[in-house]
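The residues making up each chain are set out below.
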Amino acid sequence: MSSPFSINGGACVAMVGKDCVAIACDLRLGLQALTVSNNFPKIFQYGDNVFLGLTGLATDVATVSDLFRYKVNMYRLREERQIAPRTFSNLVSSSLYERRFGPWFVSPVVAGLDPKTGQPFICGFDSIGCIDFAKDFIVSGTATEQLFGMCESLWEPDLGPDQLFETISQSLLNAVDRDALSGWGAHVYIIEKDKVTKRLLKGRQD
Amino acid sequence: MADRYSFSLTTFSPSGKLVQIEYALNAVNQGVTALGIKATNGIVLATEKKSSSPLADPSSLSKISLITPNIGMVYSGMGPDYRVLVDRARKVSHTGYKRIYNEYPPTRILVQDVARVMQEATQSGGVRPYGVSLLIAGWDEGILPEEEIEAKEGEEGKKLSGKTGGILKGGPMLYQVDPSGSYFPWKATAIGKSATTAKTFLEKRYTEGLELEDAVHIALLTLKETIEGEMNGETIEIGIVGPPAHHLLGVEGVEGAVGPRFRKLTPQEIEDYLTNL
Amino acid sequence: MAMFSQNPLLNGASYSFSEAPKFNAPEGAREHRFDPYTDNGGSTLAIAGADFTIMAGDTRLTSGYSINSRFHPKVFKIGGTTSDQSDATLVLSVVGFAADGEALKERLDAICKMYRYRHGKPMSVKACAQRLSTILYQKRFFPYYAYAILGGLDEEGKGAVYSYDPVGSYEREQCRAGGAAASLIMPFLDNQVNFKNQFIPGSGEGHALQERERHPLSRQEVETLVKDAFDGAVERHIEVGDGLQMMIITKEGIEEVVLPLKRD
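What counts as what
- Residues numbered from 1 in each chain as written.
- Chains lettered and ligands numbered in written order.
- Predicted model: local features only at pLDDT ≥ 70, side-chain atom pairs only at ≥ 80, totals over all residues.
- Heavy atoms only, no water.
- Helix = DSSP H or I, 4+ residues; strand = E, 2+ residues; numbered from the N terminus.
- Rg over C-alpha atoms; globule rule 2.2 N^0.38 Å.
- Buried < 20%, exposed > 50% of the residue type's maximum accessible area, 1.4 Å probe, protein only.
- Contact = heavy atoms within 4.5 Å.
- Areas by Shrake-Rupley, 256 points an atom, 1.4 Å probe, with all protein chains shown as cover.
- Lys, Arg positive; Asp, Glu negative; His and termini not counted.
- Charge placed at Lys NZ, Arg CZ, Asp CG, Glu CD.
- Phe/Tyr/Trp six-rings, centres within 6.5 Å; stacked < 30°, edge-to-face > 60°.
- Lys NZ or Arg CZ within 6 Å of the ring centre and 35° of its normal.
- Salt bridge = Lys/Arg side-chain N within 4 Å of Asp/Glu carboxyl O.
- Buried area = accessible area lost by both parts, 1.4 Å probe.
- Polar contact = N/O pair within 3.5 Å; in protein donor to acceptor, adjacent residues only side chain to side chain.
- Nonpolar A, V, L, I, M, F, W, Y, C, P; charged D, E, K, R; others polar.
- Core = buried A, V, L, I, M, F, W, Y, C linked by side-chain atoms within 4.5 Å.
- Pairing = 2+ DSSP bridges.
- Axes fitted to C-alpha atoms, helices over the stretch in contact; angles between N-to-C directions.

A. Quick look at the overall build of chain B. Tallying secondary structure elements over chain B gives seven helices and 10 strands in all. Taken over the C-alpha trace, chain B has a radius of gyration of 19 Å; the compact-globule value for 277 residues is 19 Å, and the two agree within 12%. Its C-alpha atoms give chain B principal-axis dimensions of roughly 60 × 45 × 40 Å. Counting over 277 residues, chain B shows a buried share of 49%. Taking the intrachain contacts of chain B between residues at least 6 apart in sequence as the baseline, contacts between residues at least 24 apart amount to 68%. A total accessible area of about 13900 Å² is found for chain B, and carbon and sulfur atoms account for 53% of it. Between the mean site of the 29 positive side-chain charges and the mean site of the 34 negative ones, chain B shows a separation of 7 Å.

B. Seen up close, the packing of aromatic side chains. Within this structure, the stated rule accounts for 17 aromatic pairs over all chains. Plain terms: the ring middles of Tyr37 of chain C and Tyr145 of chain C are 5.7 Å apart, the flat faces sit at 70 degrees to each other, and that makes the pair edge-to-face. You can see Tyr37 of chain C sitting in the segment before β1 (43-48) and its partner Tyr145 of chain C sitting in the loop between α2 (125-138) and β7 (146-153), a full 108 residues away along the chain. Looking at Tyr145 of chain C, the relative accessible area reads 23%, which means it is partly exposed. Among the aromatic residues, those joined into a cluster by ring pairs are Tyr37, Phe97, Phe142, Tyr145 and Tyr147 of chain C. One residue, Arg199 of chain A, lies across the ring of Phe165 of chain A, its end atom 4.2 Å from the ring centre.

C. Just the pattern of salt bridges, in detail. Tallied over the entire structure, the rule returns 27 salt bridges over all chains. Here Glu192 of chain A makes a salt bridge to Lys195 of chain A, at a shortest N to O gap of 3.9 Å. With a shortest N-O distance of 2.9 Å, Arg204 of chain A and Asp206 of chain A are connected by a salt bridge. For Arg204 of chain A, a relative accessible area of 44% gives the class partly exposed. Since its relative accessible area comes to 60%, Asp206 of chain A is described here as exposed. Taken together, the shared-partner salt bridges connect Arg60, Arg70 and Asp242 of chain C into one network.

D. Examining unusual backbone geometry more closely. For Asn102 of chain B, which is not glycine, the phi torsion reads 55 degrees and is therefore positive. Here Asn102 of chain B is to be found in the loop between α2 (79-101) and α3 (107-120). Judged by its relative accessible area of 48%, Asn102 of chain B falls in the partly exposed class. Even without a glycine there, the phi angle at Gln85 of chain C is positive, about 55 degrees. By the element assignment, Gln85 of chain C lies in the loop between β5 (75-78) and β6 (90-96). For Gln85 of chain C, a relative accessible area of 11% gives the class buried.

E. Inspection of the interface of chain A and chain C at higher detail. At the interface, 19 residues of chain A touch 18 residues of chain C. Both sides together, the interface formed by chain A and chain C hides about 1600 Å², and carbon and sulfur atoms give 54% of it. Our enumeration of links across chain A and chain C arrives at two salt bridges. As a salt-bridge pair, Asp190 of chain C and Arg178 of chain A come within 2.7 Å of each other at their nearest N and O atoms. Between the two partners, chain A and chain C, sit eight residue pairs in polar contact (both at pLDDT 80 or more). The element best represented in the side of chain A that touches chain C is helix α3 (residues 144-154) of chain A, accounting for eight residues. Considering only residue class, the side of chain A that touches chain C consists of six nonpolar, seven polar and six charged.

F. Quick peek at the environment of Val193 of chain C. Residues and elements named next belong to chain C. With respect to the helices, strands and loops of the structure, Val193 is situated in the loop between α3 (182-192) and α4 (219-236). Taking the C-alpha atoms as reference points, Val193 and Gly49, 144 residues apart in sequence, are found 9.7 Å from one another. When neighbours within four sequence positions are excluded, Val193 is seen to be in contact with Ile47, Gln174, Cys175, Leu217 and Leu225.

G. Local environment of the nonpolar core. If you look at the biggest cluster of nonpolar residues, it comprises 55 residues, and the most contacted ones within it are Leu45, Leu189 and Val226 of chain C. Those residues in contact with Leu45 of chain C that sit more than four places away from it in its chain are Ile54, Met55, Ala56, Arg176, Ala177, Ile185, Leu189, Val226, Ala229 and Phe230 of chain C. Residues Leu52, Leu54 and Val110 of chain A together with Ile109 of chain B belong to the second largest nonpolar core, which totals 28 residues.

H. Main features of the sheet that holds strand β5 (residues 132-140) of chain B. Residue and element names in this part refer to chain B. The strand order across the open sheet built from five strands is β3-β4-β5-β6-β7, with neighbouring strands paired in antiparallel fashion. Each having just a single partner strand, β3 (65-68) and β7 (183-185) make up the two edges of the open sheet. Here the strands of the sheet are splayed against their neighbours by 25 degrees on average, with no regard to which way each runs. Where strand β6 (residues 171-177) and β7 come together, three bridges link them in antiparallel fashion. The residue bridging Val177 from the neighbouring strand is Tyr183, located in β7. This element, α3, spans β3, β4 (71-77), β5, β6 and β7 of the sheet and lies at about 160 degrees to β5.

Put into structure tokens, the structure is as follows:
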């Protein structure tokens, strides 16, 4: 309970579909058992098709998301192009490893589409930047076990955007309902080639 | 104590010129000619290997250098200064890019980094500008999907070839960097002693939609116009940016591994081109 | 040296008197500690249907990172009159510390048998559930380290599942997952058995949405759910695997099925 990763609570999940990806997070911000806010999104956008989910210590979530805002802005100015999801993931990895002996207490998740091939891309990280390239789904936060159970049984290959939305939403909602530190609504992003759909899920408010 | 009272040697003259930089350009203009030609599917860099003595072993001399697997460069001017810049370019392409993004820098980014190194030498205390101009040639992967590139080219009604270079589309890029730190993209250019003659020649021979093989041919013809000594595989040096050279990878069967696009031609390959000239 | 071994067994027997620390202690000082519990991993699952109950558990037995057995059942028939339990009506599943689970099973079985001999009828699941709670609470200060689930058919013939904590707190439920992968399986059950977070499309906005009505699942559906739940758990939990043991309790009796699970 006193682990920095589980003081504020929160959950995030990303999934691969057919020519699309999805990323979703809960909205709770807490201090141990006390809920402080029910509007604390944990997903940030860094390009047309690049999304980062951050769970863990809320102060680090805010700081790290701003740090990557700065780094990605600098990248865009310098290179006169948007950052690709894979390049962004490597930036996340190297930035986290810079703090090898005093890490940010966050578990990032990246989701996006490769701008060149349109291929879905997701990956997750530990707090010091080791990348987990997954072909199916990535989970992070205080509800990881529940999310693993849900995703492992609900996910299947080549889901279309609508099916993927249903799958990721059910996975997240049912997982956070079994985690006292997560929940209070959710944000879901469905990322397609020329379209990003963001939906707000109400979920249980307890 | 030297660092406390060190002043920049490059200072403005009353007329607004930085004469140190002009001196550096003079050094470049006394250097052996080097040239670069961009084709649709690659680039050629070429220069003469001039040794001061007939006793020197030409095979140990190398003026064209590999910076990243897809980027190489050549110089005109002072050899020792060039080697320092090669070291810096190789270093900065890793520390400033590969170690951060796990991919090699696009050509323009590397050019900017090298240009910054050269500019800093014009404004820092206790140093002199680098006495070289560089030709940097590289291939960028690009991030746009293929069909989008074709659509864009259709609009502009320009080239029929797939790529024209640059960070977005990908393809070959050729830059010149000067001692002042300024840099220019070129379709074809030359630096050094006979740069003017060579450039006039290139203007005549260069056409849009050039293929790499034609470019190598033109490069050799241009070099022939300006060369002082004999022309053979030992006395000239050629580097090309072309299709991935899988035979240089050193490994086989590794998924996703792509060979380097920049490679130097062997004396034998150069001889072959020369016989067909 | 053994302290840094990957194998917890080599770090001293973890279920008994632990080794006294040989370092960082003042001269002559020794710590003596009785450490009687181990977690033997594994997972169990129970779902009640309209006229049946399915109790399931994997058959792996672990200690730390070691697999001690690939076939060690966690699901037992309880209260039959014979040694093969062919006329049993109740099923008990236990996860946690295997030795305690075994002891608990033996005790409850003996009690159910005694009840049956004395009363001439098998114990009802409701009565057995209460008795199991008492057994567990009697050891309130030296508990059986076991998460028990009791399954059977109630007086009306409906499926009944009772779940317990190690000290006897219990509840009748529609379904329950226990053990190492409980946290992986439970939200799946909420969703697929009790239809949690499922709503009737177009029935409203936000919290005004109508919940999808619950209906009892068929035996076929429940068996599929159990298999899917364990396949998911096996994939992500190292302490779960090898075999899936299922007991299906109907008024005809108890059917036992053992299916293979991934062994890696």
